[in-house]
Amino acid sequence: MIKTETSIPNNLRRIFFEKDNTIRVIGNNYMSAHNILEYCDIPVLTKLELIGNDAFANCSELVLKSLPNSITKIDNRAFYKCQLITINKLPNNFTEIGT
């Protein structure tokens, strides 16, 4: 497995994934240090299957436009300390949602 790390600016407020993106996992602690993140668009045409532990932790006011139908699991604390979170559309095929 190849692991790629990307430096993410601390002042990032919005994330837009491309429609045909092949990302399958949003990893543990992906945006947990970016508490000013306010919007994330993951189009339904992505192949995303998992949102990892603490992936969006501490993003205090987060809007997720939608989650793709391919997603089956949201790990523990994925949205920990998100005081206000809005998810406009949930897929039907979750197999596991963490605490």
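Residues numbered from 1 in each chain as written. Predicted model: local features only at pLDDT ≥ 70, side-chain atom pairs only at ≥ 80, totals over all residues. Heavy atoms only, no water.

What follows is about the side chain of Asp75. Structurally, the position occupied by Asp75 is in the loop between β6 (73-74) and β7 (84-87). Excluding its chain neighbours within four sequence positions, the residues that come into contact with Asp75 are Asn28, Leu50, Ile51, Gly52, Asn53 and Gly98. (Helix = DSSP H or I, 4+ residues; strand = E, 2+ residues; numbered from the N terminus. Contact = heavy atoms within 4.5 Å.)

A few words now on the environment of Ile42. Structurally, Ile42 is set in the loop between β3 (39-41) and β4 (50-51). The buried category is assigned to Ile42, whose relative accessible area is 1%. C-alpha of Ile42 to C-alpha of Pro68: the two residues are 26 residues apart in sequence and 6.8 Å apart in space. Among all residues touching Ile42, those that are not within four sequence positions of it are Phe17, Ile26, Leu48, Ser66, Leu67 and Pro68. (Buried < 20%, exposed > 50% of the residue type's maximum accessible area, 1.4 Å probe, protein only.)

For the rest of this paragraph, the subject is a nonpolar patch on the surface. Taken together, the side chains of Ile85, Ile87 and Leu90 present a nonpolar region at the surface, about 220 Å² in accessible area. Position of Leu90 among the secondary structure elements: in the loop between β7 and β8 (96-97). (Patch = residues over 30% accessible without salt bridge, like charges linked within 9 Å, V, L, I, M, F, W, Y side chains within 5 Å. Areas by Shrake-Rupley, 256 points an atom, 1.4 Å probe, with all protein chains shown as cover. Salt bridge = Lys/Arg side-chain N within 4 Å of Asp/Glu carboxyl O.)

Turning to its location among the elements, Ser32 is positioned in the loop between β2 (25-26) and β3. Here the side chain of Ser32 touches Asn29 through a polar contact of 3.3 Å, landing on its backbone oxygen. Residues in contact with Ser32, not counting those within four places in the same chain, are Asp54, Ala55, Ala57 and Asn58. (Polar contact = N/O pair within 3.5 Å; in protein donor to acceptor, adjacent residues only side chain to side chain.)

Once that is clear, we can look at the confidence of the model for the protein. Residues of the protein with pLDDT of at least 70 account for 88%, and the chain-wide mean is 79. The weakest mean pLDDT in the protein belongs to β7 at 78; the strongest belongs to β4 at 91. (pLDDT = per-residue confidence, 0-100.)

In the structure shown here, the tally under the stated rule is 3 aromatic pairs. Judged by centre distance (6.3 Å) and plane angle (80°), the rings of Tyr30 and Phe56 are edge-to-face. Of this pair, Tyr30 sits in the loop between β2 and β3 while Phe56 sits in the loop between β4 and β5 (61-64), and the two are 26 residues apart along the sequence. Assessed through its relative accessible area of 30%, Tyr30 is described here as partly exposed. For Phe56, a relative accessible area of 0% corresponds to the buried category. (Phe/Tyr/Trp six-rings, centres within 6.5 Å; stacked < 30°, edge-to-face > 60°.)

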